Amino acid sequence: DGPCLRQLGPWTRTRRAGRLEPRLNANARNPAQPMHKWKTKTDPLFRGDSAHGFTPPDPSASPSIVRHVLYLGGANRPSPYKSTSEDRSAAQHFAGTAGNVYRTDVPSLKQAGVRHISRRELLKLLRGSGFGDGNRPSAYEVAQARRYVEAWAEHLVDFRPKSQLSQQELLDLLSTIFHRV
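Only a predicted model underlies this, so the values are computations on that prediction, with no experimental measurement involved. Throughout this document, residue positions are counted from 1 along each chain, in the order its sequence is written. Where totals are concerned, whole chains, interfaces and linings use all residues; where local detail is concerned, this predicted model gives features only for residues with pLDDT of at least 70, and gives and counts side-chain atom pairs only at 80 or more. As a rule here, side-chain values come from all non-hydrogen atoms in the structure, and water together with hydrogens is ignored.

J.: Which parts of the structure should I look at to understand the environment of Leu123?
T.: Secondary structure elements follow DSSP: runs of H or I no shorter than four residues count as helices, runs of E no shorter than two count as strands, and numbering proceeds from the N terminus. Here Leu123 shows up in helix H4 (residues 119–125). For the pair Leu123 and Ala143, spaced 20 residues apart in sequence, the C-alpha separation works out to 9.8 Å. If we skip the residues at most four places from it in the chain, Leu123 touches Arg146, Val149 and Glu150. Pairs of residues are marked as contacts when any of their non-hydrogen atoms sit within 4.5 Å.

Below, the structure is given as structure tokens:
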């Protein structure tokens, strides 16, 4: 009856005779219900940020998804993306003990005029040496980014369509898209 050994998609392999059991859904009203398939139109996305608040995205920065996911260039590197997750506990992990968790949804992102890059789309881009904005000379880096996207149930918010906005306008836009939980 110890902790889970391994997460396998919506299933968890437990110590009890290696049996598979449904993974619990921490985002649901009843956390004992199994995980369900994430739905674009209805399910929330979560983001964890430090206690200092949002750092504005840089729509003119390198559009490399691998660079963003792997933190190449450091934690405060310029990026046109903001990471979100289907899983609230993942957002809490990135927020740390002093940070905040924020919530949004895809309709809000579309209404704000920013692009949502779903986990499914990220996984398609992060195959082999990568495709499109997921392209990278190192297939190993692409594979590592793919593992992170899978592990954290990551989605991206792309701010390149808002390249004409100032930093303050981007911060204002962030505060209208993301709401503190």
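Read on, since the account is not over.
J.: Please clarify how the packing of aromatic side chains should be interpreted in this entry.
T.: Geometry of an aromatic ring pair is reported as the spacing of the ring centres plus the angle between the planes. Geometry of aromatic contacts follows a simple scheme: Phe, Tyr and Trp rings, the Trp one being its six-membered ring, pair when their centres are within 6.5 Å, and the pair is stacked under 30 degrees between planes, edge-to-face over 60, tilted otherwise. All chains considered together, the criterion is met by three aromatic pairs. Their ring planes at 40° and their centres at 4.6 Å tell us that Phe54 and Tyr102 sit as a pair that is tilted. Residue Phe54 is found in the loop between strand S4 (45–49) and helix H1 (65–69), and its partner Tyr102 is found in strand S6 (residues 100–104); the two are separated by 48 residues along the sequence. Accessibility here uses a 1.4 Å probe with only protein chains present; expressed as a share of the type maximum, an area under 20% marks a residue as buried, one over 50% as exposed, and anything in between as partly exposed. Classification of Phe54 by relative accessible area gives buried; the value is 17%. Both rings, one in Phe54 and one in Phe178, keep their centres 5.7 Å apart while their planes meet at 40°; by these two values the pair is tilted. Placement of the pair is Phe54 in the loop between S4 and H1 and Phe178 in the loop between helix H6 (167–177) and strand S9 (179–180), with a sequence separation of 124 residues. Across the pair, Phe178 and Phe54 agree in class, each one buried.

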